Amino acid sequence: MALGIIGGTGLTRLDGLRIDREEPVSTCWGEPSASLVHGRLGETEVVFLARHGNPHRIPPHKVNYRANIKALKEAGVERVVAVAAVGGITERASPSAVLIPDQIIDYTYGRSTTFFEDDLDDVVHIDFSWPYCAELRQSLLAAAQHARVPAIDGGVYAATQGPRLETAAEIRKLAADGCDIVGMTGMPEAALAREAGLCYASLSVVANWGAGLSSDEITMADIERELETGMSHVRRILETLLAG
Ligand code: HPA
């Protein structure tokens, strides 16, 4: 069964993917961020979607998360690995680290968060106690270990609205709330994947220390440099996962 991969900042294309075809698609929720790229990595079929478009042009609060998840579902994938750039809050989440989070706190607002809105026979409440797919998390951890790439097991992902970065006080609040990392795209993506019945997990790459945690201004150039190392680890984890 094909694996869906949602690429974020720093992973607009997946090097090593042998592309069979690029398919522009439309869903009942509108257009996804980019064409679906069907191909092969190792032995496995992959459907790749660039979350921010290709080229990268859609900011986190404007991504049509419903169309993205629906498009992957309709392409027939059952498992989705979401790759995301994040800021680090706790000590272990230092720049270029890769985390496989196990929890989320959602601080976003004004986004379309559900497929279950109109024309319902019944009100639907999905179970979201454990927002990531345990089985896929374990597979990613095993692949990282096999590839001898460091990956941190677990962590709380804070989803913020963006597109601006946080204030130092906001980062202190997120730390007090128990968050390890902060990103702008983890929600509603994870919840929609659960609603769609997809097995969804995240490879979160730390691009920078959260605001106020280092003396430096956070620049896009710094973010891109740290991401390069982290994303090379992500590629190796994915290649190992798909070779097996
Ligand atoms: N905050 C929110 N999202 C991010 C950050 C950050 O510091 N870095 C990369 N994505």
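The structure presented is a predicted model; accordingly, all values stated were derived computationally and were not measured.

1. Points about the environment of Val124
Here is step 1 of the chain: Tracing the backbone through its elements, the reader meets Val124 in the loop between β7 (103-106) and α2 (134-146).
Here is step 2 of the chain: Through-space distance from the C-alpha of Val124 to that of Asn64 is 21 Å; in sequence the pair is 60 residues apart.

2. A word on the state of the cysteines
Here is step 1 of the chain: In the structure shown here, the tally under the stated rule is one disulfide.
Here is step 2 of the chain: Across a sulfur-sulfur distance of 2.0 Å, Cys133 and Cys199 are joined as a disulfide pair. Negative torsions about the S-S bond denote left-handed disulfides, and the value of about -75 degrees found for Cys133 with Cys199 makes this one left-handed. Taken together, the residues Cys133 in the loop between β7 and α2 and Cys199 in strand β11 (residues 199-209) connect sequence positions 66 residues apart.
Here is step 3 of the chain: Judged by relative accessible area, Cys199 falls into the buried class, the value being 15%.

3. Observations concerning the packing of aromatic side chains
Here is step 1 of the chain: By the definition in use, this model includes two aromatic pairs.
Here is step 2 of the chain: Pairing Trp29 with Phe115 gives two aromatic rings, centres 5.6 Å apart and planes at 50 degrees, and the pair type is tilted. Of this pair, Trp29 sits in the loop between β2 (18-23) and β3 (36-41) while Phe115 is found in the loop between β7 and α2, placing the two residues 86 residues apart along the sequence.
Here is step 3 of the chain: Residue class for Trp29 comes out partly exposed when judged on its relative accessible area of 25%.

4. Focus on the layout of surface pockets
Here is step 1 of the chain: Within this model, the largest pocket holds a volume of roughly 460 Å³.
Here is step 2 of the chain: Along the wall of the largest pocket there are 28 residues; nearest its centre are Thr9, Ala85, Leu165, Met184 and Ile223.
Here is step 3 of the chain: It is strand β5 (residues 79-88) that contributes the most residues to the lining of the largest pocket, four residues altogether.
Here is step 4 of the chain: Residues that form the lining of the largest pocket fall into these classes: 16 nonpolar, ten polar and two charged.
Here is step 5 of the chain: Its boundaries defined by the atoms lining it, the second largest pocket holds a volume of some 210 Å³.
Here is step 6 of the chain: In the lining of the second largest pocket, the residues fall into four nonpolar, three polar and four charged.

5. Digging into the nonpolar core
Here is step 1 of the chain: Counting 69 residues, the largest nonpolar core has Phe48, Val81, Leu140 and Leu203 as the members making the most contacts within it.
Here is step 2 of the chain: When residues in this core are grouped by element, the largest group, eight residues, is from helix α5 (residues 220-243).
Here is step 3 of the chain: The contact partners of Val81, leaving out residues within four places of it in the chain, are Leu3, Gly4, Ile5, Ile6, Leu136, Leu140, Ala201, Leu203, Leu238 and Leu241.
Here is step 4 of the chain: The next biggest cluster of nonpolar side chains, apart from the first, holds eight residues, and it includes Ile89, Val156, Leu174 and Val182.

6. Considering the pairing of β3
Here is step 1 of the chain: Burial of β3 is extensive: five of the six residues sit out of reach of the surface.
Here is step 2 of the chain: Across five bridges, β2 lies against β3 in antiparallel orientation. Along β3, the bridge assignment pairs Arg21 with His38.
Here is step 3 of the chain: One ladder, built from five bridges, connects β3 with strand β4 (residues 44-50); its direction is antiparallel. Its bridge partner being in β4, Val37 is matched across the sheet by Phe48.

7. Side note on empty space enclosed by the protein
Here is step 1 of the chain: A full pass over the atoms with the stated rule returns one cavity of 30 Å³ or more.
Here is step 2 of the chain: Counted as a void, the largest cavity has a volume near 40 Å³.
Here is step 3 of the chain: As for the largest cavity, its lining consists of Arg51, Ala82, Ala84, Tyr132, Tyr157, Thr185, Gly186, Glu189, Tyr200 and Ser202.
Here is step 4 of the chain: For the lining of the largest cavity, the secondary-structure elements that each account for two or more residues are β5, α4 (186-195) and β11.
Here is step 5 of the chain: Within the lining of the largest cavity, the residues separate by chemical class into five nonpolar, three polar and two charged.

8. Some thoughts on the pattern of salt bridges
Here is step 1 of the chain: Counted by the stated rule, this structure contains ten salt bridges.
Here is step 2 of the chain: Measuring nitrogen to oxygen at the nearest pair gives 3.6 Å for the salt bridge that ties Asp177 to Lys173.
Here is step 3 of the chain: On the basis of relative accessible area, Asp177 is assigned to the partly exposed category, the value being 35%.
Here is step 4 of the chain: On the accessibility criterion, Lys173 (46% relative accessible area) is partly exposed.
Here is step 5 of the chain: Close ionic contact of Asp222 with Arg225 constitutes a salt bridge, the shortest N to O distance being 3.4 Å. Of this pair, Asp222 and Arg225 both sit in helix α5, three residues apart, which is roughly one turn of that helix.
Here is step 6 of the chain: Of the residues examined, Arg225 reaches a relative accessible area of 52% and is grouped as exposed.

Rules behind the numbers
- Residues numbered from 1 in each chain as written.
- Predicted model: local features only at pLDDT ≥ 70, side-chain atom pairs only at ≥ 80, totals over all residues.
- Heavy atoms only, no water.
- Helix = DSSP H or I, 4+ residues; strand = E, 2+ residues; numbered from the N terminus.
- Disulfide = S-S within 2.5 Å.
- Buried < 20%, exposed > 50% of the residue type's maximum accessible area, 1.4 Å probe, protein only.
- Phe/Tyr/Trp six-rings, centres within 6.5 Å; stacked < 30°, edge-to-face > 60°.
- 1 Å grid on protein atoms, 1.4 Å probe; cavity = no way out; pocket = protein on both sides within 12 Å on 5 of 7 lines; lining within 4 Å.
- Points joined across faces, edges and corners; volume = space filled by probe spheres on them.
- Nonpolar A, V, L, I, M, F, W, Y, C, P; charged D, E, K, R; others polar.
- Core = buried A, V, L, I, M, F, W, Y, C linked by side-chain atoms within 4.5 Å.
- Contact = heavy atoms within 4.5 Å.
- Pairing = 2+ DSSP bridges.
- Salt bridge = Lys/Arg side-chain N within 4 Å of Asp/Glu carboxyl O.

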